[in-house]
Amino acid sequence: APHCTDALYAMATEDADGMKAVYLTNIDLEASHYSNSSTENADSDTEVTADSGSSSESEGHALHPSEPVRWSWVRRRAMIRASLAAVLALFAVLWPVLTFLVNGPCEAKEYSVTAYVVMAYTTIMSLICLRLVINSEMTWWLSSPFLVLLRWHILLDAINVWLFHITLHPLCTFRGFLADVHFFGWLSLVTQMFFWMNKFMGFSIITTHLVMLERAFDRSLETKFLRTLYIPFALGLVTASVFLLVVHIGNGLDWLLFGVVVIELCVVMSTLFVAVLMTRGFLMALRSAHMEMSFGGSRARGASAAVQQLVNKAVRFSKRMVWETPLNLTLVALAFFCHVMWIVSDQRTEENVLGGFDDPPEVIFAVVCMTSLTNCARFGSLLSLVEVSEESTTAQLRRTMTTLVRTGSAASKQSSMSFMESWQTGHKEWDEKTLDLANRAISLRALLEFYGTLGGERMPHFDPAKHTTQDVVRQAIIPLSCGSSHGDCAAAMVLMGSACLPDRMVTHSWSNLFSCLVAAVVADALDQPSYEKVLRDQRLAQSELPALRAELYWKKKLDTKYWICCFAVNQHAGICSSTPRMDPVTQTIPKPCTCSHPKYWSDTAPLRNGQSVRCEMNKFDDMMSCLSAKNHRFGQLIAVDTDFNLFTRAWCVAEIHRAQLMGMPQRMSIYSEANLKEHEGWLQHLKVETMSASNPSDTELILSKIDDKQQFNEELRSLIFDENGLIQACHAGFDKVAMLGAIAQRGATRVVRHRSQPQPTPRDERSEPSRNGGS
């Protein structure tokens, strides 16, 4: 903890809240000490990160800053751009058909098989570009300047492809009429110059990405040389454009095409050299990432599942970049070279008109350009890191094929039997209750629909800034599930209508604001490390929920299923009849539930090993084992409140520790990075002995399972703070490029350490057996 002395911590009591109060008081004193010197630069130092939108300036616990992003407007603009792109793409694709319908068969009768193959190929490229544009517009809603630049690059690449498609297929008299006024001549010229501009933009983007990776990697990737190419590259393309324009306008100036040829040949050589240079940089990152995987990542003992996922992502991304970068830049160089060949062989240089299939170099140039532009658009999706999944494509395909082959087969039945045997305790009623509990997931779609009813149909006085999860359970969830068509049951059954298995288990504290819980789940689905932006931009407001649902739909995350205890546990079998706390808004005590459902506590008979068989609140360990055995990708989401009270709750800490022992993928969702840094010092002094639960008997149950509490405390701190711990993974999630670079840097450091260690000589190795034998 920064600026905190041992004396200050010694003043803290054994009580967790007291220790936390002392630590936060010291932080406040330090903050006031530096407040005068930092006020001037507060505005200039505030910076929004690329992926999370979190601010480096601490905003305390204010959940609604003054200037939120209107995501409904973002959605509207994205839909307009995607719709216009779709109209333009369909117009380009249908252009040959339209001209054919308007002008009759005409030249189409003379088309060869090659012409139809080229037409089909360019049509496919146009549709692929449309798909990439719609994907980028409808799923990349983050306000990162880098993502905005990539979005525009993909859109411009796609427009260029559609222009090539139109200029390559002008048919019959329609083409002849427009060519008389040099329409297609000018369109061809604009298309070629547009291609050069897109290539310069792509060069700028990939260099920017490599610079970011170099800073995070802390190793030279020769980006200084790449940046020196900016000016000659830009001047060369501008000069070539001017020469081509002059040739198109004037007569007798064909000799200027020689200058265009020379410039483009220089661009070809420079592009191939840049391809080698950039591939070398990504290859260095790949080797270092492999080293981190071998010694500090997925094969390291004690590495958390979250860190394993990060390392695997880094290796997969670097591996793809090693072959994607030379492929992309080679296609670029090939396109420039094909343009040179077309200029040299073209007999109509005064027009420079694309169209028709009589000139092979012309057709090859257009096809290679469309291929290169389409690949650049796809390459931009890769550079965004939005498309980097937690599982490789090969693994996804293998898992899908295995599922298809085994469906209904004897192997599937045998696998199901082994699954049933892997987690069962042998007590029939206990195992049936555990399996029933595990099948009560709720989809993100259903969660948002439920949240949308708060403040209206349900709990009309709901205030997202005041009502906790406990308040919502008492005044909305319990009434919702009382006397339903499923009886007095868990709310998940009412909202979902049937049993379903989850993809994630959410560990959270009921003392946290319910809006924070929902925001943490949304942030997890959006692949953001914090939920500050979800609350700051009021994405859970009634006016913004449609935009949020649309984004989650396009990201294919709307039907992700979560196991959340307040919805999954049947509250009518436990706490519903107890007196709730006073409502923070109405200042009244809500009436308890009056249902007649029997109540089952941890000591209610019948018992198994001293625990109630019918109670649903003492089977979380077995339920987690059940879900992990059923789905190897099942993970845990730790939704941390702004005060980090979650780590004082016995059940929450027990779930976190249990998931870590089982090797489950774990992810911690926090309010903000500044909020995390504020509490890191206090978390260093966590003790399981000071934690509590709502039911004292539950606390006794949890503590009774821990033989060595000191070792448990050390393991808990290690889980949170180690190099492979939750906090390190959470920090890394705030900048994906920095995360990849940091992993590569750690791997490179391990390489240096490994090489610096003295290696045994062959003589020592030969003498070792004799010494063993002599002894």
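To start, this report covers the structure provided alongside it.

Rules used throughout
Here, residues in each chain are numbered from 1, in the same order as that chain's written sequence. Note on the predicted model: pLDDT of at least 70 is required for a residue's local features to be given, and 80 or more for side-chain atom pairs to be given and counted; whole-chain, interface and lining totals, by contrast, use all residues. Neither water nor hydrogens contribute to the side-chain values; these are computed over all heavy atoms in the structure. Only runs of H or I of at least four residues qualify as helices and only runs of E of at least two qualify as strands under DSSP, and these elements are numbered from the N terminus. Whether two residues are in contact is decided by their heavy atoms, any of which lying within 4.5 Å being enough. Exposed residues in this analysis have more than 50% of their type's maximum accessible area, buried residues have under 20%, and partly exposed residues fall in between, with area computed by a 1.4 Å probe over protein chains only. Lines are fitted to the C-alpha atoms to define the axes, a helix being fitted only along its stretch in contact, and any angle between axes, read from their N-to-C directions, falls within 0 to 180 degrees. Any angle between 65 and 115 degrees counts as roughly perpendicular, while under 35 counts as roughly parallel, over 145 as roughly antiparallel, and the rest as oblique. The handedness criterion is simple: a crossing whose near helix is rotated anticlockwise from the far helix by less than a right angle is left-handed, and one whose near helix is rotated clockwise is right-handed. By nonpolar core we mean a set of buried residues, namely Ala, Val, Leu, Ile, Met, Phe, Trp, Tyr and Cys, connected to one another through side-chain atoms within 4.5 Å. Any Phe, Tyr or Trp ring, taking Trp's six-membered ring, that has another such ring centre within 6.5 Å forms a pair; planes under 30 degrees apart are called stacked, those over 60 apart edge-to-face, and the others tilted. Any Lys NZ or Arg CZ found within 6 Å of a ring centre and within 35 degrees of that ring's normal is scored as a charge over the ring. At least two DSSP bridges between two strands are needed for those strands to be called paired. Looking down the strands as they point away from you, a crossover is right-handed if its path from the first strand over the helix to the second goes clockwise.

It is worth spelling out the environment of Val 518 at this point. Tracing the chain through its elements places Val 518 in helix α21 (residues 514–525). Setting aside residues no more than four positions away along its own chain, Val 518 makes contact with Leu 447, Leu 448, Tyr 451 and Leu 540.

Within the span of helix α23 (residues 545–554), buried status applies to Leu 545, Ala 547, Leu 548, Ala 550, Glu 551 and Leu 552. Positioned one or two residues after α23, Lys 556 has a phi angle of 60 degrees, which is positive.

Turning our eyes to something else, we now look at the packing of helix α6 (residues 113–139) against helix α7 (residues 145–168). The relative placement of two packed helices is expressed as an angle between their axes plus a distance between the axes. Closest axis-to-axis distance for the α6/α7 pair is 9 Å, and the angle between their directions is 160 degrees. Accordingly, the angle class assigned to the pair α6 and α7 is roughly antiparallel. Considering how the two elements wind past one another, α6 and α7 form a crossing that is left-handed. Here α6 contributes Val 118, Met 119, Thr 122, Thr 123, Met 125, Ser 126, Cys 129, Leu 130, Leu 132, Val 133, Ser 136 and Glu 137 to the contact with α7, which in turn contributes Arg 151, Ile 154, Leu 155, Ala 158, Val 161, Trp 162, His 165 and Leu 168.

Now for the nonpolar core. If you look at the biggest cluster of nonpolar residues, it comprises 82 residues, and the most contacted ones within it are Trp 162, Phe 164, Phe 195, Trp 196 and Phe 336. Of all the secondary structure elements, the ones that give two or more residues to this core are α5 (71–103), α6, α7, α9 (183–217), α11 (230–249), α12 (256–295), α13 (305–345) and α14 (360–383). Those residues in contact with Phe 336 that sit more than four places away from it in its chain are Phe 195, Trp 196, Lys 199, Leu 237, Glu 264, Val 267 and Val 268. By size, the runner-up hydrophobic cluster in this structure holds 50 residues, among which are Ile 478, Val 506, Leu 548 and Ile 575.

Ring pairs (aromatic) are described by centroid distance and by the angle formed between their planes. All chains considered together, the criterion is met by 15 aromatic pairs. Aromatic side chains Phe 164 and Phe 365 sit 5.9 Å apart centroid to centroid with 75 degrees between the ring planes, which places their arrangement in the edge-to-face category. Here Phe 164, found in helix α7, pairs with Phe 365, found in helix α14; they are 201 residues apart in sequence, far enough to count as distant. A single burial state applies to Phe 164 and to Phe 365, both of which are buried. Here the aromatic rings of Tyr 553 and Trp 554 are separated by 5.8 Å at their centres, their planes lie at 80 degrees, and the arrangement is edge-to-face. You can call Trp 554 partly exposed: its relative accessible area is 37%. Geometry around Trp 430 places Arg 608 over its ring, the cationic atom sitting 4.8 Å from the centre. Cation over ring: Lys 619 sits above Trp 430, and NZ or CZ is 4.0 Å from the ring centre.

Moving on to unusual backbone geometry. Residue Ala 605 is joined to Pro 606 through a cis peptide bond whose omega torsion reads 0 degrees. Its place among the elements puts Pro 606 in the loop between α24 (565–568) and β4 (607–608). Residues other than glycine seldom take positive phi values, yet Met 459 does so here, at roughly 50 degrees. Tracing the backbone shows Met 459 in the loop between α18 (444–453) and α19 (469–481).

Moving on: the pairing of strand β6 (residues 635–639). In terms of residue burial, β6 counts as a mostly covered element, since 5 of its 5 residues are buried. Alignment of strand β2 (residues 504–507) against β6, held across 4 bridges, turns out to be parallel. Its bridge partner lying in β6, Arg 504 is registered against Gly 635. Inspection of the sheet shows β6 paired to strand β7 (residues 666–669) by 4 bridges, in the parallel sense. Bridge assignment links Gln 636 to a residue of β7, and that residue is Gln 666. As for the winding sense of the linkage, the β-α-β connection from β6 through helix α26 (residues 650–662) to β7 is right-handed.

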